Every structure is written in C-alpha cells, then in structure tokens.
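Take a look at the letters that make up each chain.
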Amino acid sequence: MTALNRVPSLMVRAGTASALTIAAVGGSIVVPGVASEAAAATPATKALKIAASKKGAPYRYGATGPYRFDCSGLTLYSFKKAGKKLPRTAAQQYNKTRHISAKSRKAGDLVFFHSGRNVYHVGIYAGKGKIWHAPKTGDVVRLQKIWTKSVWYGRVK
C-alpha cells in the first residue's frame, strides 16, 4: 500500500500531499522497509529500555523498584512495565521462560547465571555480550559484560 492509497481523495487532487496535511486528516505515511518505532518495540525491547533507564539505582536485597532493585526485582519491574508478568526470584523466572541457546539470544532476553543446576542471578541481555542488571549490595544497576560461561538464556513468553 502506498501513502497515496491512505490519503483522502480530496488531498491528492494535485498529486501530492504534505506529511503535515496527511497527519492533519488522520492519515499515515507508509515507508517500505521501515517499521514504526511502536511496531518494532516488543515487550522484550521495552523491558530492556526500562532496565537501562534505571541505571544508577541502588541495589537492595528483595527490592522490586521503582528506586531500588535486586537482580530479579529489576527484571520483574522492567517486564511488568512492558506488559509481561514474571515471578519474583531468578530461579522462578528461569522456570517461566522459554529456554533458548546462546546463538538464539536477542536483546531483551533474560540471562540466568547458574552454579550447577542452581540459578543465582539474572539480567537482561543488551547485546554484544552485555547485560543490564542489579549486581550486589553496595552496587547499582548497570551495564556489564557477561563474566562467565555459566549462563542460560530465557525468552519471556
């Protein structure tokens, strides 16, 4: 569909219509190959942006925001604001996600740190081997490189 197919006929008598005119009459402009920001924003990418917006918020054990967080509190808060429900702890969150391979990971997926079969930490994958997370007491929400290979990935359903 072209932009002109969506513009009321009275606006295209001369063959062109400005973007402001189209917007004024409630139309829209379609540009092939370019997704609108709203269409491109999935709950996962929204959650990632929300987590990033909490940069510098202090860690507090058991905190779920909006001003202090522990690791799973940050992921719970971020996905809740993006319209998805997660359980409270990192291990419970792991059990509620669709498990994916490292090759399949995308920005906005959850990264679970484990020792053996026990999940002990979670963050939101930001791409390029980095996560947004609330690390530990005395630290703040920040972007950090994944420091171990003992991680599993999960996609929020």
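Residues numbered from 1 in each chain as written. Predicted model: local features only at pLDDT ≥ 70, side-chain atom pairs only at ≥ 80, totals over all residues. Heavy atoms only, no water.

Caption draft 1: Highlighting the nonpolar core. Counting 25 residues, the largest nonpolar core has Phe 69, Phe 79, Leu 110, Phe 112, Val 122, Ile 124 and Val 141 as its most contacted members. Listed by contribution, the elements that provide at least two residues to this core are α4 (43–53), α5 (71–81), α6 (90–96), β2 (110–115) and β3 (118–127). Looking at this core, the element that brings in the most residues is α4, giving 5 residues. When residues no more than four places from it in sequence are discounted, the contact partners of Val 122 are Cys 71, Ser 72, Thr 75, Ala 90, Gln 93, Leu 110, Val 111, Phe 112, Phe 113 and His 133. Of all hydrophobic cores here, the second largest spans 8 residues; its members include Val 111, Tyr 125, Ile 146 and Val 151. (Core = buried A, V, L, I, M, F, W, Y, C linked by side-chain atoms within 4.5 Å. Buried < 20%, exposed > 50% of the residue type's maximum accessible area, 1.4 Å probe, protein only. Helix = DSSP H or I, 4+ residues; strand = E, 2+ residues; numbered from the N terminus. Contact = heavy atoms within 4.5 Å.)

Caption draft 2: Region of the structure containing the sheet that holds strand β1 (residues 97–100). Spatially, β1-β6-β2-β3-β4-β5 is the arrangement adopted by the 6 strands of the open sheet, whose pairing is antiparallel. Looking at the sheet topology across the chains shown, the edges are occupied by β1 and β5 (142–145). Neighbouring strand axes in the sheet, compared pairwise and without regard to direction, differ in orientation by 40° on average. One ladder, built from 4 bridges, connects β2 with strand β6 (residues 151–156); its direction is antiparallel. Paired with Leu 110 across the strands is Gly 154, a residue of β6. (Pairing = 2+ DSSP bridges. Axes fitted to C-alpha atoms, helices over the stretch in contact; angles between N-to-C directions.)

Caption draft 3: Representation of the pairing of β6 within the structure. Counting buried residues along β6, 5 of its 6 residues qualify, which places the element largely inside the surrounding structure. Two elements, β1 and β6, share 4 bridges in a ladder whose sense is antiparallel. When the bridges of β6 are listed, Ile 100 appears paired with Tyr 153.

Without other data, these values stay purely geometric and don't point to any function.
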